[in-house]
Amino acid sequence: MRPLARKIVLPLTLTVIGAGVIVGYASQEADTSSRGSGTLRSGFGKSGEADHDPQDQDPSATAPADDGSAYTPRSTEQNARVGAIFEKDDTGDHFCTASVVQSPGRNMLITAAHCAFDAETGRPVEDLVFAPDYRDGKEPTGLWKVRKVVVDDRWAKSQDEDMDVAFLVLDSKDGKQIQDVLGGNTLGIDPGFDNDVKITGYPTSSETPISCHNRTTKFSDTQMRVQCTDFAGGTSGSPWLADYDPKSHTGTVIGVLGGHEGGGDEDDVSYAAYFGDEVADLYKRAQDEAEG
């Protein structure tokens, strides 16, 4: 039997994990009346690199493929917590993926560090916005501004692939935090290497998300691996969700697409840094930053 992921649970089923710091900046509100302008960020790993269109399956199928084949997921409460990342507004291309993770401030996302921190400048990417449940140019709950980017110093200084994880603190919108609107998934620490996961992400070449189900395997002592078709540029940061509970409507994020080779140099094989104590520390640091 595989070990259960260790979770730090807060009141009202909030989960806690780690600490790491670096500040981002709020973006402007999106102008959704036009699209197509804007510049796509240069890609690292599976961020911001448009590729071929995914081979979608019928989204109304009664059960998705369980062998790592990509399909178009329904728009559901669970899937709405995953969204596309843009710079400044949605007039350009989305280049990464993020998802809502539970936190005391109810205002936090998790993604890959290489999506939110510019190694060349040594600073967080400015003007990031998050579009949850983004489909065909529409954002059901609008765009959410990123206020702070929190990464580990080992990523900031040397792009340590074992710390390719970032927490994003969002501004409130219309007086509400994102977790108030969409709920959030818990964060799993020390989950083991053999897990059934659902991975959902946004290829830059597509205006709808793709998902796949498969089992993770051990790539190294610090990296997980999974086979999922069509996870190309734009899917960096996609959550690896395990143990979804339909009663509580929550699952456990045990990884994000990134890590080794920025998530992998093949569309059909992806990686994620293993969530150990360092990620737990990073999440606690992010909570402290969110309150500051």
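Anything mentioned here points back to the structure above.
The rules behind these values
- Residues numbered from 1 in each chain as written.
- Predicted model: local features only at pLDDT ≥ 70, side-chain atom pairs only at ≥ 80, totals over all residues.
- Heavy atoms only, no water.
- Helix = DSSP H or I, 4+ residues; strand = E, 2+ residues; numbered from the N terminus.
- Buried < 20%, exposed > 50% of the residue type's maximum accessible area, 1.4 Å probe, protein only.
- Pairing = 2+ DSSP bridges.
- Phe/Tyr/Trp six-rings, centres within 6.5 Å; stacked < 30°, edge-to-face > 60°.
- Disulfide = S-S within 2.5 Å.
- Salt bridge = Lys/Arg side-chain N within 4 Å of Asp/Glu carboxyl O.
- Expected span 1.5 Å × (residues − 1).
- Arc of directions from axis to C-beta.
- Patch = residues over 30% accessible without salt bridge, like charges linked within 9 Å, V, L, I, M, F, W, Y side chains within 5 Å.
- Areas by Shrake-Rupley, 256 points an atom, 1.4 Å probe, with all protein chains shown as cover.
- Lys, Arg positive; Asp, Glu negative; His and termini not counted.
- Charge placed at Lys NZ, Arg CZ, Asp CG, Glu CD.

Enquirer: Outline the overall build of the chain, supporting the account with residue identities and numerical values.
Expert: Along the backbone of the chain there are four helices and 18 strands. Residue burial in the chain is summarised as follows: out of 292 residues, 58% are buried.

Enquirer: An account of the sheet that holds strand β12 (residues 196–201) is needed here, citing residue identities and associated values.
Expert: Read across the open sheet, the five strands follow the order β11-β17-β16-β12-β13; overall the sheet is mixed. The open sheet terminates on both sides in strands that have one partner only, identified here as β11 (186–187) and β13 (210–215). Relative to strand β16 (residues 239–245), β12 runs antiparallel, the two sharing two bridges. In the sheet register, Ile 199 faces β16, and the bridge partner there is Trp 240.

Enquirer: An account of the packing of aromatic side chains is needed here, citing residue identities and associated values.
Expert: Scanning all chains against the criterion turns up five aromatic pairs. Summarising the aromatic geometry, the rings of Phe 86 and Tyr 134 are spaced 5.3 Å apart at their centres and angled 75 degrees between planes, so their arrangement reads as edge-to-face. Of this pair, Phe 86 sits in strand β3 (residues 82–87) while Tyr 134 sits in the loop between β8 (128–132) and β9 (144–151); the two residues are 48 residues apart in sequence, bridging distant segments of the chain. A relative accessible area of 0% places Phe 86 in the buried class. With a centroid separation of 4.8 Å and 65 degrees between ring planes, the pair formed by Phe 219 and Tyr 271 is classed as edge-to-face. With Phe 219 in strand β14 (residues 217–220) and Tyr 271 in strand β18 (residues 269–273), this pair connects stretches of sequence that are 52 residues apart.

Enquirer: An account of the state of the cysteines is requested, with residue identities and associated values reported.
Expert: In the structure shown here, the tally under the stated rule is two disulfides. Across the disulfide from Cys 96 sits Cys 115; the S-S distance is 2.1 Å. A torsion of -80 degrees about the S-S bond marks the disulfide between Cys 96 and Cys 115 as left-handed. Taken as a pair, Cys 96 in strand β4 (residues 96–100) and Cys 115 in helix α1 (residues 113–116) lie far apart in primary sequence, 19 residues in all. Residue Cys 115 is classed as buried on the basis of its relative accessible area of 1%. Assigning the bonded cysteines of the chain consecutive numbers by sequence position, one obtains the connectivity 1-2, 3-4.

Enquirer: Could you give an account of the pattern of salt bridges, with specific residues and numbers?
Expert: Counted by the stated rule, this structure contains eleven salt bridges. Asp 133 serves as the salt-bridge partner of Arg 135, at 3.2 Å between the closest nitrogen and oxygen. By relative accessible area, which is 17% here, Arg 135 ends up buried. On the accessibility criterion, Asp 133 (8% relative accessible area) is buried.

Enquirer: Quick one: what's the story with helix α4 (residues 277–291), residue by residue and with numbers?
Expert: Between the first and last C-alpha of α4 there are 22 Å, a value that for 15 residues agrees with the 21 Å anticipated at 1.5 Å per step. Turning to α4, its buried residues are Val 279, Ala 280, Leu 282, Tyr 283, Ala 286, Gln 287 and Ala 290. For α4, the angular spread of the buried residues around the axis is 160 degrees, confining them to a single face.

Enquirer: Give a description of a negative patch on the surface that names residues and reports values.
Expert: Among the surface-exposed residues, Glu 161, Glu 261, Asp 265, Glu 266 and Asp 268 lie close enough to one another that they form a single negatively charged patch. Along the chain, Glu 266 falls in the loop between β17 (250–256) and β18.

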